[in-house]
Amino acid sequence: MTSYIIRRILMLPIIMLGVTLIVFSMMQLLGEDKLVAAYIPQSQLDRLNDEQIDNIKEKYGLNDPLAIRYVKWLGNTLKGDLGWSIVGKQPTRSAILSRIPYTIELALYAIIPIIFVGIWLGVKAAVKHNSFTDNFIRIFALVGWSLPDFVFGLIILMVFYGVLGWFPPGNLSQWADEVIKSDSFKNVTNLISIDALINGRFDIFVDALRHIIAPVITLAYLWWAFLLRITRSAMLEVLKKDYIRTARAKGLSEKVVINKHAKRNALIPVTTVAGSMVIGLFIGTVFVETIFNRTGLGKFVADAATQLDYSSIMGSLLFYSLILVVGNLIIDILYAVIDPRIRLE
């Protein structure tokens, strides 16, 4: 097991090197002039003369051969110099780091109901195969899987905010936003709801929940549909196995057969899907954050794309690539833990 994990970790830098090569190659397609704009604010760039622009090109190696340019770009990237963000109006690294906590908070609140409810619904549908419960859950899944995320998000926004006025868009109400930006409020984790509890501000905690429930419902329903279908199929396959019939023939209770013998084996394919789904949650927040006007990384990427903010797009691409690579590493390790045969291959 240890050697398997070490082998997978050793592959990590090689994969990331390949990712940086792809991102760098994409950047070179922009041309020198647009690459300069990716490093310097447009307002400053307009005031620079030709000599000063040449100095910037020299600093970032834009006149060097491609290989040397890549080495310099990689060095700057490793030092955290990702250029200037037009959307964030600050260095790209700072712009990304300031928005990550909002996306992480949204994903964390969404992951828990998605995993537990999705698997529970899938198991329930398989155990009650072809019953009213199974048919109801299958229709529930079919509707959820058929709806585009931005359409379902708009429906949720219209019902819960436009009609009922329960869950407003944004991160916080204005009064709460002023409190967390004041000197009296300590930002420990940069996750609003957690910091509100740490500061003893239950009113801000409740306000943060009111603003995050609607996007969580949007993400959860769409992913429930996907996860319960995978779980149901895996459970139905396992329930037909000989060892399940043997367990029942030995007189074990149905609860023990399902929970101890069937569910664990059915979770092997579910683990792979669930891991990819968690990664997708971070990436798939683009639409949800845009619809619900949340200041997260997803909305940042959407704004960067509409304003052709190359530096922000490339920086976000590197960040998302890192999440994908590390996330897949964790999935591989979990897969080996659940299924010992994986470690021998």
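Use the structure listed above.
Residues numbered from 1 in each chain as written. Predicted model: local features only at pLDDT ≥ 70, side-chain atom pairs only at ≥ 80, totals over all residues. Heavy atoms only, no water.

### Structural notes on the overall build of the chain
Helices and strands together make up the secondary structure of the chain, namely 17 helices and 2 strands. Across its three principal directions, the C-alpha atoms of the chain cover 85 × 55 × 40 Å. Buried residues in the chain amount to 45% of all 345 residues. For the chain, restricting intrachain contacts to residue pairs at least 6 apart in sequence, the fraction spanning at least 24 positions comes to 71%. Looking at the chain as shown, the accessible area adds up to about 18400 Å², and 65% of this sits on carbon and sulfur atoms. One way to put it: in the chain the 34 positive side-chain charges average out to a point 14 Å from where the 27 negative ones average out. (Helix = DSSP H or I, 4+ residues; strand = E, 2+ residues; numbered from the N terminus. Buried < 20%, exposed > 50% of the residue type's maximum accessible area, 1.4 Å probe, protein only. Contact = heavy atoms within 4.5 Å. Areas by Shrake-Rupley, 256 points an atom, 1.4 Å probe, with all protein chains shown as cover. Lys, Arg positive; Asp, Glu negative; His and termini not counted. Charge placed at Lys NZ, Arg CZ, Asp CG, Glu CD.)

### So, helix H7 (residues 132-146)
Over its 15 residues, H7 runs 21 Å from end to end, which matches the ideal 21 Å to within 8%, given 1.5 Å per residue. Those residues of H7 not exposed but buried are Asp134, Ile137, Ala141 and Gly144. All buried residues of H7 project into a common sector of 100 degrees when viewed along the axis, lining one side. Pointing more than 90 degrees away from the buried face of H7 are the exposed residues Phe132, Phe136, Ile139, Leu142 and Ser146. Structurally, H7 contributes buried residues whose contacts are with helix H6 (92-127) and helix H11 (202-239). (Expected span 1.5 Å × (residues − 1). Arc of directions from axis to C-beta.)

### Describing the packing of aromatic side chains
By convention here, two paired aromatic rings are described through the distance between centres and the angle between planes. Counting across every chain of the model gives 12 aromatic pairs. Measuring from ring centre to ring centre gives 6.2 Å for phenylalanine 132 and phenylalanine 136, while their planes differ by 25 degrees; the resulting arrangement is stacked. With a gap of 4 residues between them, phenylalanine 132 and phenylalanine 136 both fall in helix H7, about one helical turn apart. On the numbers, 6.2 Å between centres and 40 degrees between planes, the contact of phenylalanine 150 with phenylalanine 287 is tilted. Taken as a pair, phenylalanine 150 in helix H8 (residues 149-163) and phenylalanine 287 in helix H14 (residues 285-291) lie far apart in primary sequence, 137 residues in all. On the basis of relative accessibility, which here comes to 41%, the residue phenylalanine 150 falls in the partly exposed class. Residue phenylalanine 287 is classed as partly exposed on the basis of its relative accessible area, which comes to 47%. Aromatic ring contacts, followed pair by pair, group Phe24, Tyr70 and Trp73 into a single cluster. (Phe/Tyr/Trp six-rings, centres within 6.5 Å; stacked < 30°, edge-to-face > 60°.)

### Let's talk about a negative patch on the surface
Residues Asp50, Glu51, Asp54 and Glu58 make up a contiguous surface patch of negative charge. Here glutamate 51 lies in helix H4 (residues 50-59). The class of glutamate 51 is exposed, set by a relative accessible area of 58%. (Patch = residues over 30% accessible without salt bridge, like charges linked within 9 Å, V, L, I, M, F, W, Y side chains within 5 Å. Salt bridge = Lys/Arg side-chain N within 4 Å of Asp/Glu carboxyl O.)

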